[in-house]
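# Structural features, examined
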Amino acid sequence: MDVAITGLTKTFGRRTVLDAVDLEFGAGMTGLLGPNGAGKTTLMRLLAGVLRPSSGALVVGGHDLRTRAGRAFTRRVLGYLPQHLDLYPDLSAREFLDYIALLKGVDDARTRRADVARLLDRVGLADSADLRLGGFSGGMRRRVGIAQALLGDPRLVIVDEPTAGLDPEERMRFRSLLAGLGERCTVVLSTHVLDDVAQTCPRVAVLAAGRVVYTGATSGLTAYAQDRTYLVDTDGPQPTGAAVTNAAATPEGMRYRVVADEPPPGAVPVAATLEDGYAALMRDIHPT
Amino acid sequence: MKGVAALLAVACYEARMAARGRGVWIGMVPMAALALLVGMGRLDGAESARLNAGAVAEALTLVVPVGVGVVLADRLRRGTAAGLGDLLDSVPLRGAARIGAVLAGGLAVALLPVLPVTAVLGAAAAVRTGDAAALPWTALAFLVVLLPACAWITALAGVLALVLPAPLARAFVVPAWFWAVAWNPRLLWAPTPVGTLLVPSGEYPAQAWFGTTPSWAGNGQVGWLSPAADGTVTGLANLACVLLSTALLIGGARLIMMGKR
Ligand SMILES: Nc1ncnc2c1ncn2[C@@H]1O[C@H](COP(=O)(O)OP(=O)(O)OP(=O)(O)O)[C@@H](O)[C@H]1O
Ligand SMILES: [Mg+2]
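Looking at an unreviewed UniProt entry, one finds chain B named ABC-2 family transporter protein, with Streptomonospora mangrovi as its source organism.

Under an unreviewed UniProt entry, the name given to chain A is ABC transporter ATP-binding protein, and the organism recorded is Streptomonospora mangrovi. What UniProt records for chain A under Sequence similarities (unreviewed entry) is the sentence "Belongs to the ABC transporter superfamily."

Moving on, we get to the overall build of chain B. The helix and strand inventory of chain B stands at 11 helices and zero strands. When the helices and strands of chain B are placed in sequence order, the string is α-α-α-α-α-α-α-α-α-α-α. Here the C-alpha atoms of chain B give a radius of gyration of 19 Å, agreeing with the 18 Å that 2.2 N^0.38 yields for 261 residues. Principal axes of the C-alpha set define a box for chain B whose edges measure 55 × 40 × 35 Å. Evaluated residue by residue, chain B yields a buried proportion of 54% over its 261 residues. Counting contacts in chain B only where the partners sit at least 6 residues apart, residues at least 24 apart contribute 76% of the total. Taken as a whole, chain B presents about 10,800 Å² of accessible surface, with 72% of it coming from carbon and sulfur. Side chains of chain B give 17 positive and 10 negative charges; the mean places of these two sets differ by 13 Å.

Attention now goes to the interface of chain A and chain B. Each partner contributes residues to the interface: chain A has 27 residues there, and chain B has 27 residues. Both faces combined, the contact of chain A with chain B buries some 2,600 Å², and carbon together with sulfur accounts for 63% of it. The largest per-residue losses of area from chain A upon contact with chain B belong to A:Arg75, A:Tyr88 and A:Leu103, which jointly make up 26% of the total buried on that side. For A:Glu95, the salt bridge identified is with B:Arg20, shortest N-O distance 2.7 Å. Counting residues per element, the ones that place at least two in the side of chain A that touches chain B are helix 2 (68-77), strand 6 (78-81) and helix 3 (93-103) of chain A. Top contributing element to the side of chain A that touches chain B by residue count: helix 3 of chain A, with seven residues. Residues belonging to the side of chain A that touches chain B are distributed by class as follows: 14 nonpolar, three polar and 10 charged.

Turning next to the UniProt feature "transmembrane region" (unreviewed entry) in chain B. All names here are of chain B. UniProt's feature table lists "transmembrane region" (unreviewed entry) at residues 24-43, 55-76, 96-127, 139-164 and 236-257, given in the numbering used throughout. With 100% helix and 0% strand, residues 24-43 has end C-alpha atoms that lie 28 Å from one another. When the span residues 55-76 is considered, its composition is 91% helix and 0% strand, and the gap between its end C-alpha atoms is 33 Å.

All names here are of chain A. Taken together, the protein donors to the magnesium ion (ligand 2) comprise Thr41 (OG1) and Gln83 (OE1), at separations of 1.9 to 2.1 Å. Of this pair, Thr41 sits in helix 1 (residues 40-47) while Gln83 sits in the loop between strand 6 and helix 3; the two residues are 42 residues apart in sequence, bridging distant segments of the chain. For Thr41, a relative accessible area of 24% corresponds to the partly exposed category.

Sheets are built from strands paired through backbone hydrogen bonds, the pairs being either parallel or antiparallel. Residues and elements named next belong to chain A. With antiparallel pairing, the four strands of this open sheet are ordered in space as 2-1-4-5. Every interior strand has two partners, whereas the edge strands, strand 2 (15-25) and strand 5 (63-64), have only one. In the sheet, strand 1 (residues 3-12) pairs with strand 4 (residues 55-60) via five bridges, with the strands oriented antiparallel. The residue bridging Thr6 from the neighbouring strand is Ala57, located in strand 4. Most of the contacts of helix 1 go to strand 1, to which it runs at about 115°, and overall it touches strand 1, strand 2 and strand 4.

Residues and elements named next belong to chain B. Taken together, the side chains of Leu36, Met40 and Val120 present a nonpolar region at the surface, about 210 Å² in accessible area. By the element assignment, Val120 lies in helix 7 (residues 114-129). Residue Val120 is classed as partly exposed on the basis of its relative accessible area of 40%.

Residue and element names in this part refer to chain A. In the vicinity of ligand 1 there are 14 residues, among which Arg15, Lys40, Thr41, Thr42 and His192 approach most closely. The separation between an oxygen atom of ligand 1 and a polar side-chain atom of Glu161 is 3.5 Å. Bound to the protein, ligand 1 loses 69% of the 640 Å² it would expose on its own. Counting residues per element, the ones that place at least two in the shell around ligand 1 are strand 2 and helix 1. Here the shell around ligand 1 gets three residues from one element, more than from any other, and that element is helix 1. For the shell around ligand 1, a count of residues per class yields four nonpolar, seven polar and three charged.

Residues and elements named next belong to chain A. Where helix 3 contacts helix 5 (residues 138-149), the axes come no closer than 10 Å and their chain directions differ by 30°. One finds that helix 3 runs roughly parallel with respect to helix 5. Note on packing geometry: the crossing formed by helix 3 with helix 5 is right-handed. Judged by residue contacts, Ala93, Phe96, Leu97 and Ile100 of helix 3 engage Val144, Ala147 and Gln148 from helix 5. Class assignment of the residues belonging to the contact of helix 3 with helix 5 gives a composition of six nonpolar, one polar and no charged.

About the criteria used
Residues numbered from 1 in each chain as written. Chains lettered and ligands numbered in written order. Predicted model: local features only at pLDDT ≥ 70, side-chain atom pairs only at ≥ 80, totals over all residues. Heavy atoms only, no water. UniProt positions renumbered as here; feature names shortened; annotations may be inferred. Helix = DSSP H or I, 4+ residues; strand = E, 2+ residues; numbered from the N terminus. Rg over C-alpha atoms; globule rule 2.2 N^0.38 Å. Buried < 20%, exposed > 50% of the residue type's maximum accessible area, 1.4 Å probe, protein only. Contact = heavy atoms within 4.5 Å. Areas by Shrake-Rupley, 256 points an atom, 1.4 Å probe, with all protein chains shown as cover. Lys, Arg positive; Asp, Glu negative; His and termini not counted. Charge placed at Lys NZ, Arg CZ, Asp CG, Glu CD. Buried area = accessible area lost by both parts, 1.4 Å probe. Salt bridge = Lys/Arg side-chain N within 4 Å of Asp/Glu carboxyl O. Nonpolar A, V, L, I, M, F, W, Y, C, P; charged D, E, K, R; others polar. Donors = N, O, S within 2.8 Å, 3.2 Å for Na, K, Ca; no water. Pairing = 2+ DSSP bridges. Axes fitted to C-alpha atoms, helices over the stretch in contact; angles between N-to-C directions. Patch = residues over 30% accessible without salt bridge, like charges linked within 9 Å, V, L, I, M, F, W, Y side chains within 5 Å. Near = heavy atom within 4 Å. Polar contact = N/O pair within 3.5 Å; in protein donor to acceptor, adjacent residues only side chain to side chain. Parallel < 35°, antiparallel > 145°, perpendicular 65-115°, else oblique. Left-handed = near helix turned anticlockwise from the far one by under 90°.

Here it is as structure tokens:
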């Protein structure tokens with residue numbers, strides 16, 4: 001399911017939250033990165049048809065979301081996990097998922113039951129399936145949210161910070177769950193956990209202040225910091241003129257990981273990671 | 001047909017949630033007890049089973065909808081919680097139809113405690129009048145007098161809670177109901193549906209099919225909207241008006257929910 005976004009602008013009152021965004025998402029997984037307030041959630045709500053654009057176009061599988069038919073089409077193929085999802089506390093996980101499957105148009109009760117049981121198992125909630133959601137932990141609720149997004153065999157999956165609050169094992173389980181969706185599904189995943197993107201998304205888009213500042217291969221974003229990433233051991237102050245991506249105390253003082261155009265004194269070059277690439281990109285946008 | 005089955009299933013889930021919350025029971029069990037007292041009070045003058053059924057239903061309709069509105073006010077608001085509103089808006093089965101199913105599910109549960117009361121009142125009327133037809137007449141009166149009134153107030157309460165904090169909306173339901181069915185503009189002028197075809201009190205249907213004597217019908221503020229209660233035509237016209245205004249309230253709820261984005 002191809003998604004084409006052109007000139008997409010969204011304003012709330014006088015505030016421009018998305019500014020002439022052009023993006024394309026194809027089959028497979030795309031990570032959506034960006035600082036807090038960059039407009040990721042707004043972009044996803046627009047894609048889900050929950051918000052209407054102020055101007056510009058969103059086209060999903062050839063259907064324009066500005067038309068009623070286009071929005072109806074998108075709703076039929078969509079799996080959507082909002083950033084903050086409150087669940088009905090009075091329902092069990094199984095009932096909640098069955099309810100959402102019903103709303104998603106999975107009319108056959110037997111299909112629904114099988115689909116729900118399969119997804120409960122996939123998110124590791126088979127044992128808690130019949131407990132009320134009101135008693136679920138934050139991570140368990142998040143997993144119910146992930147499961148509901150995958151109900152009804154969606155072709156376009158939009159998940160907004162799906163791994164927020166998941167423990168490491170669950171995060172790994174989530175990655176393999178998404179990998180299992182296969183190439184026929186388009187997945188857009190926003191997150192602040194760069195590792196999630198590094199592990200699962202071959203492509204990435206970065207938003208900052210409502211604009212696209214990077215779109216392309218994830219390896220390309222990592223390459224941003226190539227030959228600019230260093231380790232600096234020092235007992236003096238933090239290196240200046242560099243973006244510090246990590247700091248750790250050592251017996252001799254401090255070890256800093258930095259992204260800098262010129263190597264600070266005593267710096268040892270190291271291979272860049274996605275985190276370094278992201279830091280380098282942000283540094284280029286807002287030079288300090 | 002598939003859509004109807006899905007809406008029914010939605011209503012069932014909403015009913016399940018309403019039944020699991022304590023609020024509905026805490027509000028409606030005492031209300032059912034009050035309804036029993038009010039209904040019993042009306043049995044004394046029973047001349048015929050039919051007249052009696054109408055009079056009892058009219059009396060219940062003064063009080064029961066207040067409880068229904070108060071306990072169900074939060075039903076729509078729940079679906080607007082963080083993210084949930086977005087999710088519910090991103091699925092194929094959405095909009096006014098879903099809102100209607102949500103309210104219907106809640107209403108079914110809220111009226112559960114009132115059902116046995118209605119049955120007891122019907123049985124008591126059957127004993128008193130010596131006419132077994134009192135039972136079906138009572139059931140019919142429940143359907144055409146009490147039920148539309150409850151649907152109307154449920155929708156109104158749902159809308160109120162979308163624009164006011166839930167506790168305030170609940171508190172507001174009480175005066176709103178008395179404004180809608182028992183306001184006397186001659187004592188204190190205000191526009192009110194009382195006496196017109198818009199009134200949700202069930203006066204017109206009660207006159208039409210049970211032969212009760214209306215106390216306000218025909219004396220509304222807008223002449224052409226206030227025909228004297230005169231049998232089936234005005235009964236049906238009033239039912240249509242009440243159902244239409246319920247539908248309008250649901251449509252309004254939908255608009256308010258969309259506007260909240
Ligand atoms: N309904 C709204 N009304 C007004 N402003 C809004 C609304 N929704 C979002 N905004 C503003 O739009 C900007 C982008 O918000 P958005 O939630 O899309 O950011 P984000 O990239 O998802 O951030 P985060 O990483 O913190 O989730 C923020 O400044 C926010 O205050
Ligand atoms: Mg966000």
